Amino acid sequence: MVKIGDIVTRKIYGEDMQFCVLGFYTNQQTGEKVAILALLDPNLIVEASVQELNPVSARKLFALTQNFVH
(Lines give C-alpha, C1' and ligand atoms only; values in the text may rest on other atoms or scores of the structure.)
Protein backbone atom coordinates (compact mmCIF):
# COMPACT_ATOMS: atom_id res chain seq x y z
CA MET A 1 0.00 0.00 0.00
CA VAL A 2 1.37 3.42 -0.97
CA LYS A 3 1.75 5.92 1.89
CA ILE A 4 2.43 9.64 2.21
CA GLY A 5 6.16 10.22 1.77
CA ASP A 6 6.71 7.18 -0.45
CA ILE A 7 8.71 7.61 -3.64
CA VAL A 8 6.83 6.17 -6.62
CA THR A 9 6.87 6.01 -10.40
CA ARG A 10 3.86 6.11 -12.73
CA LYS A 11 3.32 3.17 -15.02
CA ILE A 12 2.79 5.46 -18.04
CA TYR A 13 6.26 7.03 -17.54
CA GLY A 14 8.20 3.89 -16.62
CA GLU A 15 11.18 4.42 -14.31
CA ASP A 16 12.19 7.74 -15.90
CA MET A 17 10.27 9.98 -13.49
CA GLN A 18 9.98 9.66 -9.72
CA PHE A 19 7.38 11.32 -7.53
CA CYS A 20 6.88 11.82 -3.80
CA VAL A 21 3.37 11.10 -2.48
CA LEU A 22 2.10 14.24 -0.73
CA GLY A 23 -1.40 13.05 0.12
CA PHE A 24 -4.61 11.50 -1.09
CA TYR A 25 -8.19 12.46 -1.79
CA THR A 26 -11.28 10.67 -3.07
CA ASN A 27 -12.67 11.75 -6.43
CA GLN A 28 -16.27 12.68 -5.57
CA GLN A 29 -17.61 11.68 -8.99
CA THR A 30 -15.95 8.26 -9.35
CA GLY A 31 -15.11 7.33 -5.75
CA GLU A 32 -11.56 6.60 -6.92
CA LYS A 33 -8.70 7.23 -4.48
CA VAL A 34 -6.28 9.72 -6.08
CA ALA A 35 -2.71 10.51 -5.00
CA ILE A 36 -1.27 14.03 -4.98
CA LEU A 37 2.30 13.76 -6.27
CA ALA A 38 5.35 16.02 -6.41
CA LEU A 39 7.83 15.42 -9.20
CA LEU A 40 11.34 14.68 -7.99
CA ASP A 41 13.59 16.31 -10.57
CA PRO A 42 17.34 15.65 -10.16
CA ASN A 43 17.99 19.02 -11.82
CA LEU A 44 16.20 20.76 -8.95
CA ILE A 45 18.02 19.07 -6.06
CA VAL A 46 19.78 21.62 -3.85
CA GLU A 47 21.70 21.68 -0.59
CA ALA A 48 20.78 23.88 2.36
CA SER A 49 21.85 24.30 5.95
CA VAL A 50 19.39 22.59 8.30
CA GLN A 51 19.23 25.88 10.24
CA GLU A 52 17.86 27.53 7.09
CA LEU A 53 14.87 25.17 6.82
CA ASN A 54 11.31 25.83 8.02
CA PRO A 55 8.77 23.02 8.43
CA VAL A 56 5.53 23.16 6.45
CA SER A 57 2.32 21.83 7.96
CA ALA A 58 0.23 19.32 6.03
CA ARG A 59 -2.60 21.88 5.96
CA LYS A 60 -0.35 24.46 4.28
CA LEU A 61 0.98 21.84 1.84
CA PHE A 62 -2.52 20.84 0.77
CA ALA A 63 -3.46 24.51 0.40
CA LEU A 64 -0.59 24.84 -2.09
CA THR A 65 -2.05 21.96 -4.13
CA GLN A 66 -5.62 23.32 -4.03
CA ASN A 67 -5.56 24.37 -7.68
CA PHE A 68 -4.59 20.85 -8.76
CA VAL A 69 -7.29 18.94 -6.86
CA HIS A 70 -10.62 18.64 -8.63
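Placed above this text is the structure.
Residues numbered from 1 in each chain as written. Predicted model: local features only at pLDDT ≥ 70, side-chain atom pairs only at ≥ 80, totals over all residues. Heavy atoms only, no water.

### Some words on the pairing of strand β3 (residues 33-40)
So, step 1. One ladder, built from eight bridges, connects strand β2 (residues 18-26) with β3; its direction is antiparallel. Paired with Gly-23 across the bridge in β3 is Ile-36.
So, step 2. Following β2, the chain reverses through six residues before pairing antiparallel with β3; Gly-31 in that reversal takes a positive phi of roughly 80°. (Pairing = 2+ DSSP bridges. Helix = DSSP H or I, 4+ residues; strand = E, 2+ residues; numbered from the N terminus.)

### Overview of the sheet that holds strand β1 (residues 7-8)
So, step 1. Within the open sheet, the three strands sit side by side as β1-β2-β3. Their pairing is antiparallel. Two strands close off the open sheet at either side, each with one partner strand: β1 and β3.

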